[in-house]
Structures are given as structure tokens and as C-alpha cells.
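# Structural overview
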Amino acid sequence: MSYVDEVFDMVVAKNPAQPEFHQAVKEVLESLRVVIEANEEAYRKDALLERLVTPERQLLFRVPWVDDEGQVQVNNGFRVQFNSAIGPYKGGLRLHPSVNLGIIKFLGFEQIFKNSLTGLPIGGGKGGSDFDPKGKSDREVMAFCQSFITELYKYIGADTDVPAGDIGTGAREIGYMYGQYKRLTGLYEGVLTGKGLTFGGSLARTEATGYGLLYLTEEMLKCNGKDIQGKVVAVSGSGNVAIYASQKAQQLGAKVVTVSDSTGWVYDPEGIDVELLKEVKEVKRARLTEYAAARPSAQYHEGKGVWTVKCDVALPCATQNELDLEDAKTLVANGCFAVAEGANMPTTLEATEYLQKNGVLFCPGKAANAGGVATSALEMSQNSERLSWTFQEVDSKLKSIMVNIFHNLDDAAKKYGMEGNYVAGANIAGFLKVAEAMTAQGVV
Ligand code: NDP
């Protein structure tokens, strides 16, 4: 049996009931097969793949807090410090009822390669909780965040592990967490990113993942003789990534016609009104029914359905496995020619294969949504320098990072005889740097 297959079987056996983690490992190892097989003996002797798929540290902890009725609630807290070969652990905190260890491990594993692709010195980690901030009062969210950090603060720090936002963790949650960290440690340091602008946050961090997704998509289309201008774009999700992806797509001359949330979706043939969407989602924290109620051209539909709309470009920006094989078939039948993942692993393995086989340009999340973590790393740099860069400075650095990422993965795919396979290109380019650092640092 080949080394790659042996390690994949080991991952499944040693990590039962973690299907998302298995899926993420399978995608990466399949792409790396050609690289590993060229150097199999050395990698096997060093157990490089076994070390790569095993987190350096996994923290699981209790998060007790008191709700507004005086009732004690208990959630599970997680932080997986996956790989620090090229820098301190870096990755977001997800707050969503679906969170479990397998999901955090899949996200942390992906983060290793994503962070490597940015070209910045950051290792891979991820964390979160099954706490649901939706429907909670500000005081309840604060009570949860303070309790979460009261345990986690022992394991994080500006030079060891720097968490950030993710689903359910926005500026409000990061603010409460930062306040509690500072109170417990007495340190005013860049331990979290996505902070408010008055206490060390970076301009353009809020926009970074969505904007970065469009900078990369624009470059991918350009290098394939196409232009984003005038194209019809389907976006899923209506959170941080979806909102700023829609905004930048429209600034680049495309028309975004859909957004969604976990209960339904909106089709707006005149183009999504981003300011209205921001008001509904960022200010009122309301459902998309409110968007549709305020916008005569918009139609609201319950359930799933964004990918049934005819589009040129699809940008899944909600959550994992939200675009399956049936959706991929519909997109291809409707003439969609490019898919770039704003979310982490939103496309199933079967759907990805189908899109690639049918000539759709496909860029995986670990490259396409790396703008968020890249700008988080720029926030870390500003914090250590005690400086704040302008919006334009950060945005132009972000743009050049995204363009470079695309060329790195394009070059890696070509070098290994898989031209146009950006999944393989991203995994190979991300892996080579981490593998070299791990080898140089010995058996740790
Ligand atoms: P938000 O919490 O701001 O928004 C998430 C969006 O996805 C919401 O519209 C939410 O709907 C929807 N959603 C969440 N879970 C589900 C589900 N199970 N089924 C259907 N819809 C769902 O998160 P972000 O925009 O920050 O994150 C979106 C994706 O992008 C995630 O995969 C995240 O890991 C990834 N990402 C985010 C980065 C960032 O900088 N924020 C960086 C890189 C990746 P509802 O409001 O109804 O729950």
C-alpha cells in the first residue's frame, strides 16, 4: 500500500466519527500523492505525513456561564493547535451549535496550508464552541466570551497562538474576549485579530476575506482569458464573507443576484443592495425575509436553492458542504464557468471533481479565502510595530498577496503536470513550505 493510502487509513481509524476531518485530509493527501511518491522513502522515515495530520495540541474545555434567567449554561470549548512549523498558530474561533472536535480539526488542518500560501509566517490552528450567539443578549454573549477566555488565555499569546473571528465570532465577540484576556494577563498585546479600530484592529480586516476572494477570482479569470466585469455572480451566505464579496464584485462591475442564510435565500435580479443587506445582517442581526420585505425586486425562498440560479460565477460563502454534486450539475448545465470558495470546504469532493471535469475554473477556499488570515497577519505586524496603516495600504497589500497566491498555485499545478488544477496547486504549494520547515526543525 502506498504511504499516502496508509496514512489516510490511519487517520480514519484513529479519528472515528470525524467525517469533515477525513474529507479535508483526503483532499490534501490525494493532491500530494505525486509529490510524496517522488520522495516517499524520506518522508516515510521521518513520519512526516503522520506528524502533519496529528495536531501538536488539542484543548477541550468546559465553558460555564449564566443566562439572563439566572440559569447556568454549559458549552464545550475547543482550540486545536495544529502546526507551528512556520509561525505561531493562527486561525479563527467558530461559535455555532454544529461545532465539534472533528469540525475544528478539519478547519485547523486546512488552515496550515492556507496560512502557508499567504507567504506570511503563521502556523495553523482553529477553535470555537457549540455556543450559539444567535438570539442571545449582549450580556449573555459577554458572559460566554469571558468564561471561554478565562480558560483559553493560558494557552494563547501574541507569539504563541493568535485566534481570530469565524462563523458567529465578529467584532463584538472579539472585543469581549480581548477585554477579558487583558484583565487576566495585564498584557496589552496583539493576542486576537479582528479587534475594533480603537484598540489595535486593522483597517480593511472586516472587508478582507470577501475582497480577497474577488481579487483572486479576478486574477484567475484574467489568466484564463476572461473578465469579471459584466458577469452574473451567485453568492451564498449573508455573513461577513458574503457581504464584502458581494460589495467588491459589484465594485468590479459584476452583478450579484443571490445571498442566503441558514433558513432561506434571496434572488434579486436587479443586483443585491449591499447597503440594505448590511443594515439587515450587521445592524439588526435579522433574517433575510427583512431584506426581501424592504426590496421590491427581491424574491425570498425558504430552504436551499442558490445554485439553481443561472450565473457565470459561483461564490459559496456560507459553510462546509453546502454545494453538492446535484448543485454542481445544475451550475454546469446553467453555464457557470468559475467557482471560488469564500467559505471553508463548501464544495463536496464529488462536486469539486464534477466541476473540474466539466472545465469549470475551481479555486479552493484555502487559497481563495486566505485574504482574511493574511490581513490578520498584517494586523499582528501593525500591533508589534505599534502603528496603524491606512485602508489603502492594507488593501493594496491584500491585493498583491491574493494575486501572488493565485500565481503560486498556478505555477505549482503546472510544475507537477496538473495545469489548471488549482486544488492540487494550492495543496502542493502550501505543503512544500511547511514540509521543508518541519524537516529542518527535526523530530518535534
Ligand atoms: P458569518 O457568521 O458572518 O456568516 C455565516 C453565513 O453562513 C451566515 O449567512 C449564516 O446564516 C450562514 N450559515 C452558517 N452556518 C450555516 C449552515 N449550517 N447552513 C446554512 N447556512 C449557514 O461567518 P463568515 O462570513 O465569517 O464565514 C463564512 C465562511 O467563511 C465560513 O466557512 C468561515 O469558516 C469562512 N471564512 C471566514 C473568514 C472570515 O474572515 N470571516 C476567513 C476565511 C474563511 P445564519 O446567519 O442564518 O446562520
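Scope of this entry: the structure provided in the associated data block.

Criteria and thresholds
The residue numbers shown here count from 1 along each chain, following its written sequence. At least 70 in pLDDT is required for a residue's local features to be given in this predicted model, at least 80 for side-chain atom pairs to be given and counted, and no such filter applies to totals for whole chains, interfaces and linings, which use all residues. Think of the side-chain values as coming from all heavy atoms in the structure, minus any hydrogens and water. Labels follow the DSSP assignment, with helices taken as runs of H or I lasting at least four residues and strands as runs of E lasting at least two, numbered in each case from the N terminus. What the globule rule says is 2.2 Å times the number of residues to the power 0.38, and the radius of gyration is computed from C-alpha atoms. Type-normalised accessible area, obtained with a 1.4 Å probe on protein chains alone, sets the label of each residue: buried when under 20%, exposed when over 50%, and partly exposed for intermediate values. The contact criterion used is simple: two residues touch if any of their non-hydrogen atoms lie within 4.5 Å. Here, strands pair whenever DSSP counts at least two bridges between them. Between rings of Phe, Tyr and Trp, where Trp is taken as its six-membered ring, a pair exists when centres lie within 6.5 Å; planes separated by under 30 degrees are stacked, by over 60 edge-to-face, and by other angles tilted. In this tally, Asp and Glu contribute negative charge and Lys and Arg positive charge; neither His nor the terminal groups of the chain are included. Each salt bridge in this description consists of a side-chain nitrogen of Lys or Arg and a carboxyl oxygen of Asp or Glu lying within 4 Å of one another. Every axis corresponds to a line fitted to the C-alpha atoms, with the helix fit spanning only the stretch in contact, and the corresponding angles, defined between N-to-C directions, vary from 0 to 180 degrees. One heavy atom within 4 Å of a molecule or strand is enough for the residue carrying it to be called near that molecule or strand. For the purposes of these results, a polar contact is taken to be a pair of N or O atoms within 3.5 Å, where, inside protein, one atom must be able to donate a hydrogen and its partner to accept one; residues adjacent in sequence count only when each atom of the pair is a side-chain atom. In short, Shrake-Rupley with a 1.4 Å probe defines the accessible areas, and a residue's cover is counted only from the protein chains shown. Residue polarity is assigned by list, with Asp, Glu, Lys and Arg as charged and Ala, Val, Leu, Ile, Met, Phe, Trp, Tyr, Cys and Pro as nonpolar; anything else, Gly included, falls into the polar class. Definition used in this section: a nonpolar core is a set of buried Ala, Val, Leu, Ile, Met, Phe, Trp, Tyr and Cys residues joined via side-chain atoms within 4.5 Å.

### A short note on the overall build of the protein chain
Regarding its fold elements, the protein chain presents 17 helices and twelve strands. In terms of overall dimensions, the protein chain is globule-like: its C-alpha atoms have a radius of gyration of 21 Å, near the 22 Å expected for 444 residues. In terms of overall dimensions, the protein chain has a C-alpha envelope of 65 × 55 × 45 Å along the principal axes. The buried share of the protein chain, taken over its 444 residues, is 57%. Expressed as a percentage of contacts within the protein chain between residues at least 6 apart in sequence, the contacts between residues at least 24 apart total 72%.

### What to know about the pairing of strand 2 (residues 72-83)
In this structure, strand 1 (residues 57-66) lies alongside strand 2, joined through ten bridges in antiparallel fashion. For Leu 60, the partnering residue across the bridge sits in strand 2 and is Phe 78. Where strand 2 meets strand 4 (residues 123-129), six bridges bridge the pair, whose relative direction is antiparallel. When the sheet's bridge partners are listed, Gly 77 is paired in strand 4 with Ser 129.

### Some details on the packing of aromatic side chains
On inspection of all chains with the given rule, the structure shows 14 aromatic pairs. Each ring, one from Phe 21 and one from Phe 82, has its centre 6.1 Å from the other, and the planes form 45 degrees; the classification is tilted. Linking Phe 21 in helix 2 (residues 19-37) with Phe 82 in strand 2, this pair joins segments that are 61 residues apart in sequence. For Phe 21, a relative accessible area of 0% puts it in the buried group. Here the aromatic rings of Phe 61 and Phe 148 are separated by 5.3 Å at their centres, their planes lie at 50 degrees, and the arrangement is tilted.

### Re the environment of Ala 143
Mapped onto the fold, Ala 143 is located in helix 6 (residues 138-152). We classify Ala 143 as buried; its relative accessible area is 19%. Expressed as a C-alpha distance, the spacing of Ala 143 and Leu 60, which sit 83 residues apart in the sequence, is 19 Å. Aside from chain neighbours lying at most four places away, what touches Ala 143 is Trp 65 and Val 66.

### With respect to the side chain of Glu 20
As for its placement among the helices and strands, Glu 20 is situated in helix 2. Of the side chains bearing the opposite charge, Arg 94 lies closest to the buried Glu 20, which forms no salt bridge; the N-O distance is 8.5 Å. Discounting residues that sit within four places of it in the chain, Glu 20 has contacts with Ile 103, Phe 106 and Met 345.

### Here we look at the sheet that holds strand 1
Reading across the sheet, the five strands line up as 1-2-4-3-5 and stay open at both edges, with mixed pairing between neighbours. What marks the edges here is a single partner per strand, and that holds for strand 1 and strand 5 (161-164). Here the strands of the sheet are splayed against their neighbours by 20 degrees on average, with no regard to which way each runs.

### Thoughts on the sheet that holds strand 7 (residues 255-260)
In space, the seven strands of this open sheet follow the order 9-8-7-6-10-11-12, with mixed pairing throughout. Strands at the two margins of the open sheet, each flanked by one partner only, are strand 9 (299-302) and strand 12 (361-363). Recorded for the sheet is a direction-independent mean angle of 15 degrees between the axes of neighbouring strands. Across the sheet, helix 9 (residues 240-251) lies against strand 6 (232-236) and strand 7, angled at about 170 degrees from strand 7, the strand it touches most.

### A word on the environment of Val 256
Structurally, Val 256 is set in strand 7. The exposure class of Val 256 is buried, given its relative accessible area of 0%. Remark: the alpha-carbon pair of Val 256 and Asn 427, spanning 171 residues in sequence, is separated by 29 Å. Ignoring any residue separated from it by four or fewer positions in sequence, one finds Val 256 in contact with Val 233, Val 235, Ser 246, Ala 249, Gln 250, Asp 268, Gly 271 and Ile 272.

### Details of the site of the ligand
Near the ligand lie 25 residues; those nearest to it are Lys 134, Asp 166, Thr 209, Ser 262 and Arg 287. Contact between the ligand and Arg 205: an oxygen atom at 3.1 Å from a side-chain N or O atom of the residue. Residue Asn 344 places a side-chain N or O atom 2.8 Å away from an oxygen atom belonging to the ligand. Isolated, the ligand exposes 890 Å² of accessible area, and the fraction of that covered by the protein chains is 83%. Put simply, the parts of the chain that give the shell around the ligand at least two residues each are helix 8 (205-223) and helix 9. When its residues are assigned to classes, the shell around the ligand shows five nonpolar, 13 polar and seven charged.

### Here we look at the pattern of salt bridges
Per the stated rule, a full pass over the model turns up 27 salt bridges. With its nearest N and O atoms 3.1 Å apart, the salt bridge here joins Glu 151 to Lys 154. Of the charged contacts in the structure, one is a salt bridge between Lys 278 and Glu 275, with a shortest N-O distance of 3.9 Å. Of the two residues, Lys 278 and Glu 275 both sit in helix 10 (residues 274-283), three residues apart, roughly one turn of that helix. Judged by its relative accessible area of 17%, Lys 278 falls in the buried class. Several salt bridges share partner residues, and in doing so they unite Asp 5, Glu 30, Arg 33 and Glu 37 into one network.

### A closer look at the nonpolar core
Counting residues in hydrophobic clusters, the biggest one holds 57 residues, and the most contacted among them are Tyr 291, Leu 315 and Ile 405. Considering every element that reaches this core, the biggest residue donor is helix 8, with eight residues. Not counting residues within four places of it along the chain, the set of residues in contact with Ile 405 comprises Leu 117, Thr 118, Leu 216, Ala 367 and Ala 370.

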